[in-house]
Amino acid sequence: SYFCHRDRVLPHISRVGVCYCPPPGIGYFTLPYLVHAGAADVHACEWNPHAVRALQRNLELNGVSTRCQVHQGDNRELPLCDIADRVNLGLIPSSEEGWPVACRLLKKDSGGILHIHQNMTSRPQHSETPEACLNSPVGNILDSSGNRTNAEFSRRKSTAARNCGKPSQMQCSGALRRNWQEWAESTSCRIASLLLEVHGHPWRTCVQYVPY
């Protein structure tokens, strides 16, 4: 469930520098990052004015408003870059439209982690294999600054679980796990391509965690 995933993510972001949350809503991830994980600073971009007011109120009630900068509007138009250690891409069914923005926001010198959420209902189509990614100029070069980005991929509820037919639960589980791993590896290659496009030099990417 969404709650379980949030609880899995929090231990991994303890005492990080800067997180970015697009969109934060009323603070579903933003508040735990600040209150429980001790993030030094969070940028939260939300275009719903009602959600913005509720988020600001929740930040004040929890005593963390000084560590959160709330930006109202479209995160694609936000004039920010090179600020984040982690970006939480919590929009479902797909957060893909936010990937270019997330890549732009990651710190150029030290890289960072993208927490990517996604619904998947079928096997990835036309996806790159891990070998193809490793053999590409994007996948196997670490730039002079040592930039690196890790990707933590979150699976959401998948209808594939209802389409497994009659095999055992273990067989279905194994198939879904392979499908998610393939998706994560393909997405890692896509992120590497976006980082090259956004920053003008290659980054090395890897899949850090696929909760299943």
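Residues numbered from 1 in each chain as written. Predicted model: local features only at pLDDT ≥ 70, side-chain atom pairs only at ≥ 80, totals over all residues. Heavy atoms only, no water.

> Sorry if this is basic, but what is going on with the nonpolar core here?
Soluble globular proteins tend to pack their nonpolar side chains together in the buried interior. Counting 25 residues, the largest nonpolar core has Val87, Leu105, Leu114 and Ile191 as the members making the most contacts within it. Of all the elements in the fold, those that place two or more residues in this core are β4 (86-89), α4 (99-105), β5 (112-118) and α6 (169-199). In this structure Leu105 touches Tyr20, Leu80, Cys81, Asp82, Ile83, Ala84 and Val87, once residues within four positions along its chain are discounted. Within the second largest apolar cluster, 13 residues are counted, among which are Leu34, Val42, Ala44 and Val64. (Core = buried A, V, L, I, M, F, W, Y, C linked by side-chain atoms within 4.5 Å. Buried < 20%, exposed > 50% of the residue type's maximum accessible area, 1.4 Å probe, protein only. Helix = DSSP H or I, 4+ residues; strand = E, 2+ residues; numbered from the N terminus. Contact = heavy atoms within 4.5 Å.)

> Is there a simple way to explain the pairing of strand β3 (residues 68-72) in this structure?
A regular strand places its side chains so that they alternate between the two faces of the sheet. As defined by bridge partners, strand β2 (residues 41-46) adjoins β3 across five bridges and the pair is classed as parallel. Looking at the pairing, Cys45 lines up with His71 of β3. Note that the unit made of β2, helix α3 (residues 49-61) and β3 has a crossover that is right-handed. (Pairing = 2+ DSSP bridges. Right-handed = clockwise from strand over helix to strand, strands pointing away.)

> Any chance you could explain the side chain of His199 here in plain terms?
Position of His199 relative to the elements: it lies in helix α6. A distance of 2.7 Å separates a polar atom in the side chain of His199 from the backbone oxygen of Cys103. Setting aside chain neighbours within four positions, we find His199 in contact with Cys103, Arg104, Leu106 and Lys108. (Polar contact = N/O pair within 3.5 Å; in protein donor to acceptor, adjacent residues only side chain to side chain.)

> Just to check I follow, could you spell out the packing of aromatic side chains for this structure?
Within the structure shown, the criterion is met by three aromatic pairs. Summarising the aromatic geometry, the rings of Tyr28 and Phe29 are spaced 5.0 Å apart at their centres and angled 80° between planes, so their arrangement reads as edge-to-face. For Tyr28, a relative accessible area of 23% gives the class partly exposed. Take Phe29: its relative accessible area is 5%, and that puts it in the buried class. Measuring from centroid to centroid gives 5.9 Å for Phe29 and Tyr33, while their planes differ by 55°, and the two rings are tilted. The pair formed by Phe29 and Tyr33 is uniform in burial state, with each residue classed as buried. Three or more aromatic residues joined by ring pairs form one cluster here, namely Tyr28, Phe29 and Tyr33. (Phe/Tyr/Trp six-rings, centres within 6.5 Å; stacked < 30°, edge-to-face > 60°.)

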